[in-house]
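So you can see what is in the structure, the chains are spelled out below.
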Amino acid sequence: MLRLYKFLKPFTAMVIGVVIFVACQAIGDLYLPTLMSDIINDGVMQGDTSKIFHIGGVMLLVALGAVICSVLASLLSSKAAAGLGEIIRSKVFRKVESFSLHEFDKLGTATLITRTTNDITQIQTVTVMIMRMMINAPIMCVGGIIMAYRKDGSLTWVLGVSIPALIVVIAILATRMMPLFKQVQVKIDRINLVLREKLTGIRVIRAFNTVAKETERFKEANTDLTENYIKVNRIMAFMMPSIMLIMNFTSLAILWFGGLRISEGSMDLGALSAFTQYAMQIMFSMIMLAMMFIMVPRAQAAAVRINEVLDTVPEITDQETVREDFEGKGYVEFKDVSFSYHGAEEPALRNISFAAKPGEITAIIGSTGSGKSTLINLITRFYDVQSGNVLVDGVDVREISQEALRSKIGFVPQKAVLFSGTIAENIKFGNDNATDEEIKHAAEVAQAADFIATMDGGYDHEIAQGGTNVSGGQKQRLSIARALVRRPEIYIFDDSFSALDFKTDAKLRAALKKETQESTVILVAQRVGTVMDADRIIVLDEGSVVGMGTHKELLQTCDVYREIVSSQLSEEEIA
Ligand code: ADP
Ligand code: MG
């Protein structure tokens with residue numbers, strides 16, 4: 001956790017302010033019982049009203065000062081802690097943005113969300129506590145003991161008994177509580193995961209009638225967390241009465257033995273009253289310290305999880321000096337590329353070599369799981385190759401910056417993703433500077449203009465979160481328009497026509513052809529009809545290229561291709 005506190009640097013002045021105010025408040029609080037005893041001894045016992053008012057006035061001022069200091073300390077510590085939270089959150093966020101897909105595969109979304117929200121809140125809360133108590137408690141504890149001793153040295157032995165008793169009780173309970181607190185974070189992660197899956201999969205869950213099962217799964221995670229909290233609270237419930245018991249016995253002992261000393265005449269009433277209050281102050285400060293010992297490990301656990309994110313080195317980063325000396329129209333070349341996912345036994349791609357030239361359409365066809373999307377992910381550098389080279393305009397994609405690489409690419413993913421916002425905003429996502437004209441044109445080419453016109457608001461129609469209020473085919477066409485408006489050198493369509501009917505598919509490809517005349521087009525598809533008139537068709541099977549050429553050539557040379565074709569087209573269509 002200390003490591004995270006380096007981010008407190010911009011708030012150094014505030015932290016120093018907190019320290020000063022907290023110290024002033026503690027000193028004020030320590031001074032009050034002494035003033036109280038003066039009122040009793042010099043005012044009440046002597047019947048001197050003016051002294052009572054005089055010292056009473058001073059007491060009021062000191063109390064007021066302490067309250068003001070306390071308010072200021074609260075204000076500053078909250079501000080500093082909130083600022084710290086903001087900085088850590090943005091650091092974590094930026095780190096996560098730099099992650100490659102591999103890190104997402106490894107960590108998972110649910111825990112990344114809890115780490116950026118709940119864990120950081122944890123740190124924030126504890127930081128306020130630390131700033132307030134870390135300084136206050138020791139001053140009150142040591143100061144209280146000194147002041148109590150000065151009031152009456154011989155009564156201090158009472159504290160010598162009750163303070164160790166308090167420490168023992170707190171230590172026993174705290175050691176039982178700490179492991180429970182540490183588990184809370186992990187259990188919240190679990191709830192988050194189940195809840196996310198449930199919410200995103202709600203249609204599937206309903207359709208398969210597994211609502212009850214999902215509810216059970218959530219209940220399990222929920223009960224688990226609840227039980228954990230109950231256990232914590234049970235210990236807490238035990239803690240408070242035991243502490244109160246010790247404190248009350250302490251008061252009793254002080255009054256008892258103090259009373260004896262007063263009747264002996266060796267102690268006065270004011271000293272006894274002050275002594276009692278100091279004893280309470282000391283014990284309260286010990287409880288505060290104990291709370292810290294309980295809270296800090298929990299924040300520590302959160303800090304470890306945050307540091308884990310901050311320390312993750314993204315697998316894919318830009319080289320220190322990126323090459324900018326490449327020029328071209330988006331020439332893509334694979335040279336003997338092999339790739340396997342982490343933890344996978346079989347490579348997903350084996351010895352792939354091909355070239356996709358500007359002005360041509362390169363199609364990739366193959367059964368599901370043959371590695372088509374994987375191949376595409378290597379061009380956009382979502383993953384890095386294990387051997388071989390992926391070249392764009394003659395330069396290895398690892399040698400240019402990711403931003404420069406991706407600005408060349410218009411990518412339409414297999415699973416169309418839209419963002420909440422209007423249709424126009426979603427298309428504009430591809431190119432911030434796109435004019436209304438360009439947006440309209442892109443929509444027309446993508447065969448989206450017709451259905452946009454029928455929606456109320458047209459281009460200002462609001463897309464719901466996750467694009468749930470448009471159909472799969474509409475989503476695909478909007479994400480095609482988004483890529484078109486970018487006017488990239490390389491177009492990548494990963495199975496982007498699968499949800500379209502044959503007629504729309506054909507119209508779209510005809511319109512696209514005009515639009516992409518100068519660009520490199522890489523088009524993944526399942527349908528033979530979609531790839532038939534491509535300049536080059538690459539046939540993938542289990543991660544290897546088993547055929548390459550035009551439709552006609554492949555019909556002659558490639559068995560796998562012939563199989564795919566005969567399963568989809570009738571005899572006369574093939575001829
Ligand atoms: P296609 O797009 O041709 O249907 P993919 O390229 O998506 O196929 O997948 C190729 C192979 O890689 C499959 O066997 C799949 O199980 C595996 N695979 C895909 N994505 C991942 C991933 N993120 N982690 C591990 N294995 C993966
Ligand atoms: Mg795929």
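The rules behind the values
Residues numbered from 1 in each chain as written. Chains lettered and ligands numbered in written order. Predicted model: local features only at pLDDT ≥ 70, side-chain atom pairs only at ≥ 80, totals over all residues. Heavy atoms only, no water. UniProt positions renumbered as here; feature names shortened; annotations may be inferred. Donors = N, O, S within 2.8 Å, 3.2 Å for Na, K, Ca; no water. Helix = DSSP H or I, 4+ residues; strand = E, 2+ residues; numbered from the N terminus. Buried < 20%, exposed > 50% of the residue type's maximum accessible area, 1.4 Å probe, protein only. Pairing = 2+ DSSP bridges. Axes fitted to C-alpha atoms, helices over the stretch in contact; angles between N-to-C directions. Contact = heavy atoms within 4.5 Å. Near = heavy atom within 4 Å. Polar contact = N/O pair within 3.5 Å; in protein donor to acceptor, adjacent residues only side chain to side chain. Nonpolar A, V, L, I, M, F, W, Y, C, P; charged D, E, K, R; others polar.

- Under an unreviewed UniProt entry, the name given to the chain is ABC transporter ATP-binding protein, and the organism recorded is Clostridium yunnanense.
- The UniProt entry for the chain carries the following text under Subcellular location (unreviewed entry): "Cell membrane".

**Examining the coordination of the magnesium ion (ligand 2)**
Phase 1: Here the magnesium ion (ligand 2) is held by the protein donor atoms Ser 373 (OG) and Gln 414 (OE1), which lie 2.0 to 2.2 Å from it. In this pair, Ser 373 sits in helix H9 (residues 372-379) while Gln 414 sits in the loop between strand S6 (409-412) and strand S7 (421-422), placing the two residues 41 residues apart along the sequence.
Phase 2: When its relative accessible area of 24% is taken as the criterion, Ser 373 is described as partly exposed.

**Structural notes on unusual backbone geometry**
Phase 1: For Asp 393, which is not glycine, the phi dihedral falls at a positive 50°.
Phase 2: We note that Gln 447 has phi near 60°; this positive angle belongs to a residue other than glycine.
Phase 3: Looking at where Gln 447 falls in the secondary structure, it is placed in the loop between helix H12 (436-445) and helix H13 (449-454).
Phase 4: Accessibility expressed as a relative area gives 15% for Gln 447, which makes it buried.

**As for the sheet that holds strand S9 (residues 490-494)**
Phase 1: The 6 strands lie next to each other as S6-S9-S10-S3-S11-S12, forming an open sheet whose pairing is mixed. The sheet is open, and its two borders are formed by S6 and strand S12 (544-549), each paired with just one other strand. Direction aside, the axes of adjacent strands within the sheet are offset by 15° on average.
Phase 2: Docked against the sheet, H9 engages strand S3 (361-366), S6, S9, strand S10 (520-525) and strand S11 (536-541), running at close to 155° with respect to S10.

**Quick notes on the site of ligand 1**
Phase 1: As a matter of local geometry, ligand 1 sits amid Asp 105, Tyr 341, Ala 348, Ser 367, Thr 368, Gly 369, Ser 370, Gly 371, Lys 372, Ser 373, Thr 374 and Tyr 383.
Phase 2: In this structure, Lys 372 approaches ligand 1 through a main-chain N or O atom, which is 2.9 Å from an oxygen atom.
Phase 3: Looking at the shell around ligand 1 element by element, the count peaks at 3 residues for H9.
Phase 4: Taken together, the residues that form the shell around ligand 1 break down as 3 nonpolar, 7 polar and 2 charged.

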